[in-house]
Amino acid sequence: MKGEVRDQADWDLLVGYSLEEAEQVLQEEEVDYRLQFTAPWGKRPDPEAARVIAVQNKEKLVLICATADWTVS
């Protein structure tokens, strides 16, 4: 996860990727990034089923990830 953050527009293509695929692309490009997860109230995010739903260009590239199951009880 080394390297400089590039223009956000370059990384919008990661939206919809599985977390595993997105991390692989960023590691190959040596881009510094961090993960942020979101989930519905009362549920824990599942990193293994997460997909990238947004990308933010800050100090580090931020991948915002969520799972497809947003049901609540």
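Each value, and the rule that gives it
- Residues numbered from 1 in each chain as written.
- Predicted model: local features only at pLDDT ≥ 70, side-chain atom pairs only at ≥ 80, totals over all residues.
- Heavy atoms only, no water.
- Helix = DSSP H or I, 4+ residues; strand = E, 2+ residues; numbered from the N terminus.
- Pairing = 2+ DSSP bridges.
- Axes fitted to C-alpha atoms, helices over the stretch in contact; angles between N-to-C directions.
- Contact = heavy atoms within 4.5 Å.

**A closer look at unusual backbone geometry**
Logical step 1: One non-glycine residue with positive phi stands out, namely E30, at about 55°.
Logical step 2: Mapped onto the elements of the fold, E30 is located in the loop between α2 (19–28) and β1 (33–37).

**A closer look at the sheet that holds strand β3 (residues 61–66)**
Logical step 1: Taking strand neighbours across the sheet as the criterion, the three strands line up as β1-β3-β2 in an open arrangement whose pairing is mixed. Each edge of the open sheet carries a strand with a single partner, namely β1 and β2 (51–57). Taken pair by pair, the neighbouring strands of this sheet meet at an average axis angle of 25°, ignoring direction.
Logical step 2: With six bridges connecting them, β2 and β3 associate as antiparallel partners. Following the sheet pairing, N57 is matched in β3 by L61.
Logical step 3: Along the sheet face, α2 touches β1, β2 and β3 and points at about 165° away from the line of β1.

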